[in-house]
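The primary structure of each chain is shown beneath.
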Amino acid sequence: RFLHRAACPSGRNMYLFGGQSELGELDDLWVLDKRAALSLQDEGRNGRMWRKLEPADPSAERPECRQSGTLTAVLNGTQLLMFGGRHGPTTFMNDTWLFDVASQTWTCVFESEDTAAAMAGTSDPTRPSPRWAHTSVAMRDGVYVFGGSAPGKCYNDLYYYDVRAAAWRRVAVEGRSPRGRSGHCARVVDNPAMFVFGGTPTQ
């Protein structure tokens, strides 16, 4: 697969969601035992390192297939926050999901808005518009989301999602901002600073 996303909470596990494969877009969630992988306990056989997480209740809500959303560990690794991405060739999303590591269940905090409405400027201004290939980093009790693209546009806006308050807000940036881009990378450096590198200014 490619264009999937992964997050490493504190502890021994890494989680991986979705992406694209020769079978099409994916909505599966996998967990990697980092200790087993690093110690090579299974002599190269992935069966003991990787485990697919199947929902206890198949009818429970869960995110749909997507590429290039973001998956970020928050609240000391007890939750994973997933935002946005693209489903199919034309559907861009701005839904917000939380995965509880202990109960292994998904909760949808915000449903996705219509892509056409967002492009027309009628979407909710308090949260990021539908997009993919953006970045997210965890700081304090939330996540900063920067950039990404949708049809005909690359973004350079910055938003913050407060996990405890379950609320988005746009961050007002003073001075110079990076130009709009997607496919870049971002990391926390000397917390609480965010470093952004690279990307493309075209969708």
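Higher on the page you've got the structure.
Here's what I pulled together on the structure shown here. Note that this is a predicted model, so its numbers are computed, not measured.

Okay, the overall build of the protein chain next. When you go through the protein chain residue by residue, the secondary structure sums to 2 helices and 16 strands. Seen through its principal axes, the protein chain has C-alpha atoms that stretch 50 × 40 × 30 Å. Here the protein chain holds 203 residues, and the buried ones make up 46% of them. Looking at the protein chain alone, contacts between residues at least 24 apart form 45% of all its contacts between residues at least 6 apart. One way to put it: in the protein chain the 23 positive side-chain charges average out to a point 7 Å from where the 22 negative ones average out.

Okay, the environment of Gly-85 next. On the secondary structure map, Gly-85 appears in strand β6 (residues 79-87). In this structure Gly-85 comes out as buried when scored by relative accessible area, which is 0%. Those residues within four positions of Gly-85 in sequence are excluded, and the remaining contacts are Gln-67, Ser-68, Gly-69, Thr-91, Phe-92, Met-93, Arg-131, Trp-132 and His-134.

Counting across every chain of the model gives 9 aromatic pairs. A centroid spacing of 6.0 Å and a plane angle of 55° characterise the contact between Tyr-15 and Phe-99, whose relative ring orientation is tilted. Placement of Tyr-15 in strand β2 (residues 13-21) and of Phe-99 in strand β7 (residues 91-100) is noted, with a sequence separation of 84 residues between them. Note on Phe-99: relative accessible area 2%, which makes it buried. Taken together, the aromatic side chains of Tyr-15, Phe-17, Trp-97, Phe-99 and Trp-106 make up a single cluster linked through ring pairs. Residue placement shows Arg-86 over the ring face of Trp-132; its charged tip is 4.1 Å from the ring centre. Between the NZ or CZ atom of Arg-131 and the centre of the ring of Tyr-155, over which it lies, the distance is 4.0 Å.

This brings us to a nonpolar patch on the surface. On the surface, Val-189, Phe-195 and Phe-197 cluster together to form a nonpolar patch covering roughly 310 Å² of accessible area. Counting through the fold element by element, Val-189 comes out in strand β15 (residues 185-189). By relative accessible area, which is 37% here, Val-189 ends up partly exposed.

Pairing within the open sheet is antiparallel, and its 4 strands lie in the order β1-β2-β3-β4. Both outer strands of the open sheet, β1 (5-7) and β4 (50-52), are each paired with one neighbouring strand and no more. When the angles between neighbouring strand axes are averaged without regard to direction, this sheet yields 25°. Where β2 lies against strand β3 (residues 24-33), 8 bridges are found, and the strand directions are antiparallel. Its bridge partner being in β3, Asn-13 is matched across the sheet by Asp-33.

What counts as what
Residues numbered from 1 in each chain as written. Predicted model: local features only at pLDDT ≥ 70, side-chain atom pairs only at ≥ 80, totals over all residues. Heavy atoms only, no water. Helix = DSSP H or I, 4+ residues; strand = E, 2+ residues; numbered from the N terminus. Buried < 20%, exposed > 50% of the residue type's maximum accessible area, 1.4 Å probe, protein only. Contact = heavy atoms within 4.5 Å. Lys, Arg positive; Asp, Glu negative; His and termini not counted. Charge placed at Lys NZ, Arg CZ, Asp CG, Glu CD. Phe/Tyr/Trp six-rings, centres within 6.5 Å; stacked < 30°, edge-to-face > 60°. Lys NZ or Arg CZ within 6 Å of the ring centre and 35° of its normal. Patch = residues over 30% accessible without salt bridge, like charges linked within 9 Å, V, L, I, M, F, W, Y side chains within 5 Å. Areas by Shrake-Rupley, 256 points an atom, 1.4 Å probe, with all protein chains shown as cover. Salt bridge = Lys/Arg side-chain N within 4 Å of Asp/Glu carboxyl O. Pairing = 2+ DSSP bridges. Axes fitted to C-alpha atoms, helices over the stretch in contact; angles between N-to-C directions.

Spatial relationships are all this shows, so hold off on functional conclusions.
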